[in-house]
There are 2 protein chains.
Amino acid sequence: MEKRAKKTDTRIKLIETGLTLFAKNGYNGTGIKEIVDGADVPKGSFYNYFRSKEAFTVEIIRHYSQALSNMWDASLASGPSDDPHGALRNSFEMIVGLQEGAGVKSGCLIGNLAAEISEASDLCRQEMHRSTTAWKDRVSFYIEQGQAGGSIRNDISSRTLTEFIWNAWEGALLNMKIANSTDPIKECICVLFDFFLKPQKN
Amino acid sequence: MEKRAKKTDTRIKLIETGLTLFAKNGYNGTGIKEIVDGADVPKGSFYNYFRSKEAFTVEIIRHYSQALSNMWDASLASGPSDDPHGALRNSFEMIVGLQEGAGVKSGCLIGNLAAEISEASDLCRQEMHRSTTAWKDRVSFYIEQGQAGGSIRNDISSRTLTEFIWNAWEGALLNMKIANSTDPIKECICVLFDFFLKPQKN
């Protein structure tokens with residue numbers, strides 16, 4: 001029993017170390033040696049837990065996506081329950097706070113990996129597709145609520161609005177990295193919520 | 001004279017080979033050996049032309065950005081001259097055609113490098129900042145023309161609109177890579193031009 005717990009611990013430790021290193025240096029900029037060193041795991045034990053670096057990366061994407069889902073659930077629940085527009089804005093603003101507090105403005109791990117390896121690894125690409133779809137389903141649900149209640153425009157489908165929000169947000173995170181400032185993501189939220197998502201006059 | 005021309009040719013050959021390899025495999029996924037092999041240049045001669053891989057990448061960003069500027073100038077000039085909204089849309093649609101024709105849906109090299117190395121290299125980050133600023137200046141000029149002529153909304157400043165367009169477009173290119181389809185960039189153009197940029201009713 002104890003041995004099994006240890007095995008799980010090591011696996012999680014490797015995944016969390018990999019996640020931190022990927023966020024800082026990307027997939028190709030991170031070697032397996034660095035990962036095992038960072039996780040303080042004996043060299044060569046990596047392949048006891050993961051078939052390949054690619055399979056390991058699939059697990060990292062899954063782990064990151066699950067953590068992100070939990071964070072979104074918590075922040076959406078903490079927002080105004082009768083105001084989906086406000087609850088969504090609140091969640092994006094929480095991420096701005098996290099990026100402001102972080103020494104490394106890593107942005108979104110999935111966006112970064114999409115840029116770097118979606119051509120090279122179909123397995124990782126498919127896992128990114130699943131993760132972003134799950135996120136979009138969650139946001140789309142709130143958009144629909146806002147459309148039904150009249151706080152979000154209803155001349156564009158909730159699916160199309162959600163795709164567009166994802167695009168604008170991921171692009172703003174890249175913009176943040178290039179500018180080395182959180183101004184782009186703050187401005188993006190203002191344009192999205194003060195203008196783009198608001199009900200349009202007929 | 002002939003020797004000098006040869007030197008320039010080799011330099012350009014290295015840059016163009018690097019650009020192709022970076023678009024496919026990213027910065028860290030591309031080794032200098034591959035670049036010299038791909039350019040058919042003797043091993044070890046790389047450092048006759050570039051101080052480091054980082055300095056080489058700055059040149060690649062500059063080269064890509066210049067080629068992109070030329071393409072935008074040409075496509076904007078080929079669009080309807082009295083319709084900045086249509087001319088901008090025309091240019092984005094041209095890029096959709098290029099991505100559709102490409103075997104590798106590489107998206108935007110600057111967006112990809114921003115995701116991968118803007119933390120690791122301040123020199124490259126600064127060059128990306130210069131390149132994106134030049135692109136934004138060009139687009140912003142057209143936005144202002146459209147605002148003055150009434151084809152583009154004027155309740156948001158041209159600078160803010162341009163930043164938002166950049167974000168939405170770069171995010172849509174990431175979305176394209178994850179979906180392995182050009183549908184996200186086509187849909188993004190429709191939302192931008194059919195809804196977001198249009199003059200708003202008061």
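As a convention, each chain's residues are numbered from 1 in the sequence order in which they are written. To read the labels, note that chains go from A and ligands from 1, taken in the order they are written. Reporting of local features is limited, given that this is a predicted model, to residues whose pLDDT is at least 70; pairs of side-chain atoms are given and counted only at 80 or more, and all residues count toward the totals for whole chains, interfaces and linings. Excluding hydrogens and water, the side-chain values take into account all heavy atoms of the structure.

Some details on the side chain of Ser-91 of chain A
Moving on, step 1. Looking at where Ser-91 of chain A falls in the secondary structure, it is placed in helix 5 (residues 84-101).
Moving on, step 2. Not counting residues up to four positions away in its chain, the partners in contact with Ser-91 of chain A are Trp-72, Ser-75 and Leu-76 of chain A. The helix and strand labels rest on DSSP assignments: H or I over at least four residues marks a helix, E over at least two residues marks a strand, and numbering proceeds from the N terminus. Note on definitions: a residue-residue contact is assigned when non-hydrogen atoms from the two residues lie within 4.5 Å.

A word on the packing of helix 6 (residues 109-117) of chain A against helix 7 (residues 122-149) of chain A
All names here are of chain A.
Moving on, step 1. Between N-to-C directions, angles span 0 to 180 degrees; the directions come from axes that are lines fitted to C-alpha atoms, helices contributing only their stretch in contact. As a packed pair, helix 6 and helix 7 sit with axes 10 Å apart at the nearest point and diverge in direction by 150 degrees. Between helix 6 and helix 7, the angle is such that the two are roughly antiparallel. Every pair of crossing elements has a handedness; the one defined by helix 6 and helix 7 is left-handed. Along the contact surface, helix 6 presents Ile-110, Leu-113, Ala-114 and Ile-117, while helix 7 presents Cys-124, Met-128, Ser-131 and Thr-132.
Moving on, step 2. Classification convention: Asp, Glu, Lys, Arg as charged; Ala, Val, Leu, Ile, Met, Phe, Trp, Tyr, Cys, Pro as nonpolar; all other residues, Gly among them, as polar. When grouped by side-chain class, the residues that make up the contact of helix 6 with helix 7 number 6 nonpolar, 2 polar and no charged. The scheme is simple: roughly parallel for angles under 35 degrees, roughly antiparallel for over 145, roughly perpendicular for 65 to 115, oblique for anything else. The crossing is said to be left-handed when, going from far helix to near helix, the turn is anticlockwise and less than a right angle, and right-handed when the turn is clockwise.

Brief notes about the packing of helix 8 (residues 158-179) of chain A against helix 9 (residues 183-196) of chain B
Moving on, step 1. At a minimum axis distance of 10 Å, the contact between helix 8 of chain A and helix 9 of chain B shows a crossing angle of 100 degrees. Classified by the interaxial angle, the pair formed by helix 8 of chain A and helix 9 of chain B is roughly perpendicular. Residues Arg-159, Thr-160, Glu-163, Phe-164 and Asn-167 of chain A of helix 8 of chain A pack against Pro-184, Glu-187, Cys-188, Val-191 and Leu-192 of chain B of helix 9 of chain B.
Moving on, step 2. Its residues assigned to classes, the contact of helix 8 of chain A with helix 9 of chain B comprises 5 nonpolar, 2 polar and 3 charged.

A word on the UniProt feature "DNA-binding region" (unreviewed entry) in chain A
Moving on, step 1. Within this structure's numbering, the places UniProt gives as "DNA-binding region" (unreviewed entry) are residues 31-50 of chain A.
Moving on, step 2. In residues 31-50 of chain A, the share of helix is 60% and the share of strand is 0%. The end C-alpha atoms are 14 Å apart. UniProt positions are given in the numbering used here, feature names are shortened, and annotations may be inferred rather than shown by experiment.

Section: the domain arrangement of chain A
Accessible area lost during the coming together of the parts is what is often quoted as the interface size.
All names here are of chain A.
Moving on, step 1. Domain delimitation in this document rests on an assignment produced automatically or drawn from a domain database. We note that the domain assignment places domain 1 (1-50) and domain 2 (53-196) within chain A.
Moving on, step 2. Listed by partner, the interface residues are 19 residues for domain 1 and 14 residues for domain 2.
Moving on, step 3. Of the roughly 1500 Å² buried where domain 1 meets domain 2, counting both sides, 74% is carbon and sulfur surface.
Moving on, step 4. The buried area of a pairing is the accessible area, by a 1.4 Å probe, that goes missing from both parts when the two are put together, added over both. Taken as a group, Leu-19, Phe-22 and Tyr-27 account for 40% of the area that domain 1 buries against domain 2, more than any other trio of residues on that side.

Observations regarding the relation of the copies chain A and chain B
Moving on, step 1. Taken as rigid bodies, chain A and chain B are interconverted by a rotation of 180 degrees and an axial shift of 0.0 Å, the fit giving an RMSD of 0.0 Å. Given the turn and translation reported, the copies of this chain are related as if by a two-fold rotation axis.
Moving on, step 2. Same-surface contact between copies: 100% of interface residues of chain A are shared with the interface of chain B. A residue counts toward the fit only if its pLDDT is at least 70 in both copies, and the copies are then superposed by least squares on the C-alpha atoms of those residues.

Here's the deal with the packing of aromatic side chains
Moving on, step 1. When two rings of Phe, Tyr or Trp (its six-membered ring) have centres within 6.5 Å they constitute a pair, described as stacked for plane angles under 30 degrees, edge-to-face for angles over 60, and tilted for the intermediate range. Tallied over the full model, the rule gives 28 aromatic pairs over all chains.
Moving on, step 2. Between Phe-92 of chain B and Trp-169 of chain B, the aromatic rings sit 4.8 Å apart at their centres with planes inclined by 65 degrees, giving edge-to-face as the arrangement. Of this pair, Phe-92 of chain B sits in helix 5 (residues 84-101) while Trp-169 of chain B sits in helix 8 (residues 158-179), and the two are 77 residues apart along the sequence. Like Phe-92 of chain B, the residue Trp-169 of chain B is buried in the burial classification.
Moving on, step 3. Linked through ring pairs, Phe-22, Tyr-27, Phe-46, Tyr-47, Phe-50 and Phe-56 of chain A together constitute an aromatic cluster.
Moving on, step 4. Only when the NZ atom of a Lys or the CZ atom of an Arg is both within 6 Å of the ring centre and within 35 degrees of the ring normal do we say a charge sits over the ring. It is Lys-53 of chain A that lies over the ring of Tyr-27 of chain A; its NZ or CZ is 4.1 Å from the centre. Any residue under 20% of the maximum accessible area for its type is buried, any over 50% is exposed, and the rest in between are partly exposed; the area is computed with a 1.4 Å probe on protein chains only.

A look at the UniProt feature "domain: HTH tetR-type" (unreviewed entry) in chain A
Moving on, step 1. Those places that UniProt annotates as "domain: HTH tetR-type" (unreviewed entry) correspond, in this numbering, to residues 8-68 of chain A.
Moving on, step 2. From the first C-alpha to the last, residues 8-68 of chain A spans 21 Å; its make-up is 75% helix and 0% strand.

Topic: the interface of chain A and chain B
Moving on, step 1. The interface of chain A with chain B comprises 49 residues on the first partner and 49 residues on the second.
Moving on, step 2. Interface of chain A and chain B: buried area, both sides summed, is about 4000 Å²; carbon and sulfur atoms make up 61% of it.
Moving on, step 3. Contact with chain B buries surface across chain A, with Glu-119, Phe-164 and Ile-178 of chain A losing the most and accounting together for 18% of the total.
Moving on, step 4. A salt bridge links Arg-159 of chain B to Glu-187 of chain A, with the nearest nitrogen and oxygen atoms 2.7 Å apart.
Moving on, step 5. The term polar contact refers here to a pair of N or O atoms within 3.5 Å; inside protein, the definition further demands a hydrogen-donor-capable atom paired with an acceptor-capable atom, and it admits residues adjacent in sequence only when both atoms are side-chain atoms. Linking chain A with chain B are 12 residue pairs in polar contact (both at pLDDT 80 or more). We count a salt bridge whenever a side-chain nitrogen from Lys or Arg sits within 4 Å of a carboxyl oxygen from Asp or Glu.

Topic: empty space enclosed by the protein
Moving on, step 1. Detection works on a 1 Å grid of protein atoms alone, calling trapped sets that fit a 1.4 Å probe cavities and calling open sets with protein on both sides within 12 Å along at least five of seven lines pockets, with lining residues defined by an atom within 4 Å of a point. Grid points are joined across faces, edges and corners, and a volume is the space filled by probe spheres set on the points. Counted under the stated rule, the structure contains 5 cavities of 30 Å³ or more.
Moving on, step 2. Every residue lining the largest cavity is counted, 14 residues in all, and those nearest its centre are Phe-22, Gly-26 and Asn-112 of chain A together with Ala-115 and Glu-116 of chain B.
Moving on, step 3. Elements supplying a minimum of two residues to the lining of the largest cavity: helix 1 (2-25) and helix 6 of chain A together with helix 6 (109-117) of chain B.
Moving on, step 4. Considering every element that reaches the lining of the largest cavity, the biggest residue donor is helix 6 of chain B, with 4 residues.
Moving on, step 5. Across the lining of the largest cavity, the residue classes tally to 6 nonpolar, 3 polar and 5 charged.
Moving on, step 6. Lining the second largest cavity are Ala-115, Glu-116 and Glu-119 of chain A together with Phe-22, Ala-23, Lys-24, Gly-26, Leu-109, Asn-112, Leu-113, Glu-116 and Lys-177 of chain B.
Moving on, step 7. If you list the elements that add at least two residues to the lining of the second largest cavity, you get helix 6 of chain A together with helix 1 (2-25) and helix 6 of chain B.
Moving on, step 8. Split into classes, the residues belonging to the lining of the second largest cavity amount to 5 nonpolar, 2 polar and 5 charged.

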